[in-house]
Amino acid sequence: MSAIQYMVDADGIATITLDLKTRPMNVLAAELTAPFSEAIAKVEGDASIKGLIITSGKKEFLAGADIDGVFAITDPKLAFDLAEQYKALLRRLEKCGRPVVAALNGTALGGGLELALACHYRVAIDDPKAKFGLPEVKLGLLPGGGGTQRLPRLIGIQMALQPMLEGKEFKPAEAKAAGIIHELAKDRDEMLAKAKAWALANPKAIQPWDDKKFKFPGGDSKNPAVVQVFAIAPSMAHAKTQGNYPAADNILSCVYEGGVVDFDTACRIESRYFADLVVSQASKNMIGTLWFQLNAINKGKSRPEGIAKSTVKKLGVLGAGMMGAGIAYVSAKVGIEVVLLDSTQEAADKGKAYSANLLDKLVKKHRMTAEARDAFLKLITPTTDYALMAGCDLVIEAVFEDRTIKADVTKKTEAVISATATFASNTSTLPITGLAKASARPKQFIGLHFFSPVDKMPLVEIILGAETTPETLAKGFDYVQQIKKTPIVVNDSRGFYTSRVFATYIMEGASLLLEGQHPRAIEMAGLKAGMPVGPLALHDEVSLSLSHHILEQTRKDFAAEGKTLPEHPANALIEKIVKTLNRPGKKAKAGFYDYPDTAEKHLWSGLAKEFPLAKAQLPQSELIERMMFVQANEAAKCFEENVVMTVADTNIGSIFGWGFAPFQGGALQFINAIGMAEFVKRSEALAAKYGARFAPAAVLKKMATEGRRFE
Ligand code: NAI
C-alpha cells in the first residue's frame, strides 16, 4: 500500500497526503520518499495542475528523519548521498512551476519542517499540541534537508541561528510570530480551504531565494551586522558546549558559509557538514541513548508486564519542605488532587505558596491565565490533619531524613488510607527495606527518589524494597509517567544508583584538590569533561556538611555490621573542611567557594594555604579522565551488582539524574565508545597510580575478554 495519496480536484489543485501505513508517524523512510517522488513527477508532467497542497493523514504532519536509518550509517559518503537525494526532491518540489502549500495538520519537526520550508506557503492548524522546529542538534546532528539554508533565508541569519543551535520547538502561534508559518487555521477544513485559496491566488509563486533579486533578510554573512553575530556566536556556543558538541560548530559553519554562496552550493555545503555529524561518535552516543534507550524506557521497558495501567487521582504528600512542595507542584500540574501535610499549618501553607510563586511568575509572563492559576492552586490542600489523606491512591513521604520520624508518619498515614493505596518514600539515603519495616504492608511500600529542584529535574529513581511487589512498581512507574518524568528502576542498596555514582565525581574533585592540583584547573576540567558544574562547586551546592554527615553515618552502619568502611582518600579533606575549617557549603556561604552577597561566588582564597599546590600539575586530559573513569566504573559496578538492571536505565539515569556528559551518551556508553578492552587497560593503569577505586569492575574485564559491549 502506498504511503502517499494523490488526488486532484475540479479546480486543478492536487493534494498529496502523506500516510506511512507501516509506522505510527510519518518519517522520512524510503517507503515514504519513493512514492512522494513519484507524486511530484505526476505534478511535473501534468500541465493541467494549477497548484499542489501537501498534508498528512496522521495526527502529525511529518516527524522527521528515520532515526534507525541514520543511526546505522557509518560511511560519510552514504550520509552525504542521503542528504543530497532528499534535497533534490525538495528542490524539484519548490521549482515545479506551480504554487506548493504545506497544510500542516500537526507537528512538523526536522525533515518534516524542512519539507514545509520547501513549500511556497505554510498554513497550520492552531493546535496546542503541534510543534514546529529543527531539533536535530539534540541528537548531535544538523538539519540536512536544506533547513540550515532555507530558514536563514526566510527569517534572517540572526533569528535562525538560535532555534537551530538549541533545537527549539515552536508552538503554532510562536512559529507564525517568528515568520516560519504564514497563516493559522482553526481546523482541518479551514486549513485546506486557506491552502487552496492561496494556491489559486498565487499561480506564479516562487521561493524568495529563487528570485534573482533575492537578499537575505537582515543581510548575508558579509553584511557588517551579521559579521558581528558571527564574531560572537561561536564563542557563546563554546561557552556552553566546551567544544564537545560538533553539531553546534557545524550548524554555525553551514549558516556562515551558506550565507556567502548561491542556494544550491549552500545546500551541498550543508550535506557535507551533515555527513560529518552522522558518523561522529557524539551523534552515535546521543542517538543510542537519548533516542533509542529513552524511547524504550518511555515505552515501559522496566515496567512489569501484564499489569493494568493506573492513574493517581488523589496524592498525599507528607512534609511540605523543599521536596514535598515540589512534588505537590508537579503533581497538581497534571491535574492530580494533592493533600500537602506538614507538622504545622504554617509549614504546610508555605509548601503550597511554593506553587503559587511559580505560577505567579507564569501569569506575569502571560504564559498562564489568572483563572488557570487559581484552578491549579485549588487542587492543593495544605493541612496538618491526617484524616484528609483518606482516599489517596498514593502517598509520598518527604519529611526529615530521620528513620524515627519517617516511621511515625508512615504509621499515622496507613491508619487512614485504603488497603490498596501505595506508600512511597523520597528518602535520599535510607534503605527502603528498612523504612518498610514501619509499614503494615511492605508489599505496597516503594522508594520514589526525586531530584532537586523537582519542577526542573526530569528523572525519578524508583527503588524496590525487598518486599515491593511488581504491582506496586507498576503503580509507581505509572505515576512517574503521569507527572511527565522519566522513571528508572533500581534495587535497594547504599546510595541507590544515582547518589552513589554522583558521589564519585565530587569526591574525585576533592581528591585532586587534596593531591595539590589547582582548584581552578579541577573545575575547568569538570566543565571540559561535559559535566554541568565543576566538582568543587557542585560539592558546595549539595553541601559539604551533608557529605560529612553521610560519611559518619556510613561508618556507623559499617561498624554496626562489624565491618570497616573502605575509606576514600578524600574523606580526610571533607572532615577538615567541615570540622576544622567550618566551611559546610553554599547554604552557609562558605565552602570551597566564598559567596559574597554583592558579587559572584569565587574560590575561597584560603584553599591555597590549606591545600598547597603540588609541583607536578597534571595535564587537563588526565584530570578529565579521572573524573569520568571513576564515574563510569562505579556505574558498571552498580550494573554488575544488579543495583541498576538495564543499560538504558544506567545511561539515562546518569544523564538525567546528575548531568553526566550527554554527548558521551551516559556512563556505560562512555565505556562502549572507548572500547571495553581499552577502558579496562586504562583503568588498571589509573588504579596502579591513584588507588583501588579505579580498578575496573569485574563485569568489564569479563566483557572485554568476550568481546562484548553494553547493548
Ligand atoms: P526539608 O527540610 O526542606 O523539608 C522537610 C519537611 O518535613 C519540613 O517542612 C518539615 O516541617 C516536615 N516535617 C518534618 N517532620 C514532620 C512530621 N513529623 N510530620 C509532618 N511533616 C514533617 O527537607 P527536604 O530537602 O524537602 O527533604 C525531604 C526528604 O527528601 C528527605 O528525606 C531528603 O533526604 C529527601 N530528598 C532530598 C533531596 C534534596 O535535594 N533536598 C533530594 C532527594 C530526596
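It should be noted that the structure appears before, not after, this text.
Residues numbered from 1 in each chain as written. Predicted model: local features only at pLDDT ≥ 70, side-chain atom pairs only at ≥ 80, totals over all residues. Heavy atoms only, no water.

### Concerning the environment of L32
The line we're drawing: Strands here are runs of E lasting at least two residues and helices are runs of H or I lasting at least four, both read from the DSSP assignment and numbered beginning at the N terminus. Residues count as neighbours in contact if any of their non-hydrogen atoms are within 4.5 Å of one another.
Its place among the elements puts L32 in helix α1 (residues 30-44). Separated by 29 residues in sequence, L32 and A3 place their C-alpha atoms 5.5 Å apart. Each residue touching L32, except ones within four places of it in the same chain, is listed here: A3, I4, L18, D19, L20, N26, V27 and L62.

### A short note on the site of the ligand
Quick note on the threshold: Definition of nearness: a residue and a molecule or strand are near each other if at least one heavy atom of the residue lies within 4 Å of the molecule or strand. For the purposes of these results, a polar contact is taken to be a pair of N or O atoms within 3.5 Å, where, inside protein, one atom must be able to donate a hydrogen and its partner to accept one; residues adjacent in sequence count only when each atom of the pair is a side-chain atom. For every accessible area listed, the method is Shrake-Rupley and the probe measures 1.4 Å; residues are considered covered only by the protein chains on display. Ten residues, namely Ala, Val, Leu, Ile, Met, Phe, Trp, Tyr, Cys and Pro, are considered nonpolar, four, namely Asp, Glu, Lys and Arg, are considered charged, and the remaining ones, Gly among them, are considered polar.
Surveying the vicinity of the ligand reveals 21 residues, the closest of which are M323, D342, E401, K406 and S428. Within the backbone of M323, an N or O atom sits 2.8 Å from an oxygen atom of the ligand. Notes on the ligand: free accessible area 830 Å², of which the protein chains cover 76%. Breaking the shell around the ligand down by element, the ones donating at least two residues are α13 (322-332) and α16 (403-414). When the residues that make up the shell around the ligand are grouped by side-chain class, the tally is 10 nonpolar, 8 polar and 3 charged.

### Structural notes on the sheet that holds strand β5 (residues 108-109)
What counts here: By definition, two strands form a pair when at least two bridges between them are found by DSSP.
Judged by pairing direction, the sheet is mixed, and its 3 strands sit side by side in the order β5-β7-β8 without closing on themselves. Only two strands of the sheet have a single neighbouring strand rather than two, namely β5 and β8 (169-170). As defined by bridge partners, strand β7 (residues 132-133) adjoins β8 across 2 bridges and the pair is classed as antiparallel. For G133, the partnering residue across the bridge sits in β8 and is E169.

### Points about helix α9 (residues 224-241)
It helps to recall that an α-helix has 3.6 residues per turn; residues three or four apart then point in one direction. The line we're drawing: What a helix is expected to span follows from its residue count: subtract one and scale by 1.5 Å. Fitting axes to the seven residues that end at a residue and to the seven that start at it, the angle between those axes gives the bend at that residue. Each residue gets one of three labels from its accessible area relative to the maximum for its type: buried under 20%, exposed over 50%, partly exposed in between, using a 1.4 Å probe on protein chains only.
The end-to-end C-alpha distance of α9 is 26 Å, a good match for the 26 Å that 18 residues give at a rise of 1.5 Å each. The principal kink in α9, of about 25°, is found at I232, preceding the proline P234 by one to four residues. Along α9, the positions that sit buried rather than exposed are V226, V229, F230, A233, A237 and T241. Residues of α9 that are buried make contact with α6 (157-166) and α10 (246-258). At the N-terminal boundary of α9, the capping side chain belongs to N223, with an oxygen 2.9 Å from the backbone nitrogen of A225.

### Structural notes on the nonpolar core
Under the convention used in this document: Residue types Ala, Val, Leu, Ile, Met, Phe, Trp, Tyr and Cys, when buried and joined through side-chain atoms within 4.5 Å, form a set referred to as a nonpolar core.
Core analysis: the biggest nonpolar cluster contains 169 residues, and L18, F36, I54, L115, Y497, I671 and L700 have the highest contact counts within it. With 9 residues, the top contributor of residues to this core is helix α25 (residues 620-640). With residues near it in sequence (within four places) discarded, I54 still touches I16, L18, F36, F61, L93, V100, V101, A102, A103, L115 and C119. Judged by nonpolar contacts, the second largest core, of 35 residues, contains V317, V338, L448 and V480.

### Topic: the packing of helix α12 (residues 281-298) against helix α26 (residues 647-658)
We count it as follows: Note on geometry: axes are C-alpha line fits, over the in-contact stretch for helices, and angles between N-to-C directions span 0 to 180 degrees. Geometric relationships in this document are graded by angle, where less than 35 degrees denotes roughly parallel, more than 145 denotes roughly antiparallel, 65 to 115 denotes roughly perpendicular, and other angles denote oblique. Helix crossings get a hand from a simple test, with the near helix turned counterclockwise from the far one by less than a right angle marking a left-handed crossing and a clockwise turn marking a right-handed one.
Between α12 and α26, the shortest axis-to-axis distance is 9 Å and the interhelical angle comes to 115°. Here α12 is positioned roughly perpendicular relative to α26, judged by the angle of their axes. Here α12 runs over α26; the crossing is left-handed. Together, T289, L290, Q293, L294 and I297 of α12 and V647, A648, D649, N651, I652, I655 and F656 of α26 make up the contact between the two elements. A per-class count over the contact of α12 with α26 returns 8 nonpolar, 3 polar and 1 charged.

### Here's the deal with unusual backbone geometry
A cis amide bond links S452 with the next residue in sequence, P453, at an omega value of -5°. Residue placement: P453 occurs in the loop between β15 (445-449) and β16 (459-464). Phi at K484 takes a positive value of approximately 65°, unusual for a residue other than glycine. By the element assignment, K484 lies in the loop between α18 (470-482) and β17 (486-491). Here K484 falls in the exposed class, since its relative accessible area comes to 69%. The phi angle at N582 is positive, at roughly 55°, despite the residue not being glycine. Along the polypeptide, N582 turns up in the loop between α23 (571-580) and β18 (593-594). Since its relative accessible area comes to 59%, N582 is described here as exposed.

So, to be careful, I would describe these as geometric facts and stop short of saying anything about function.
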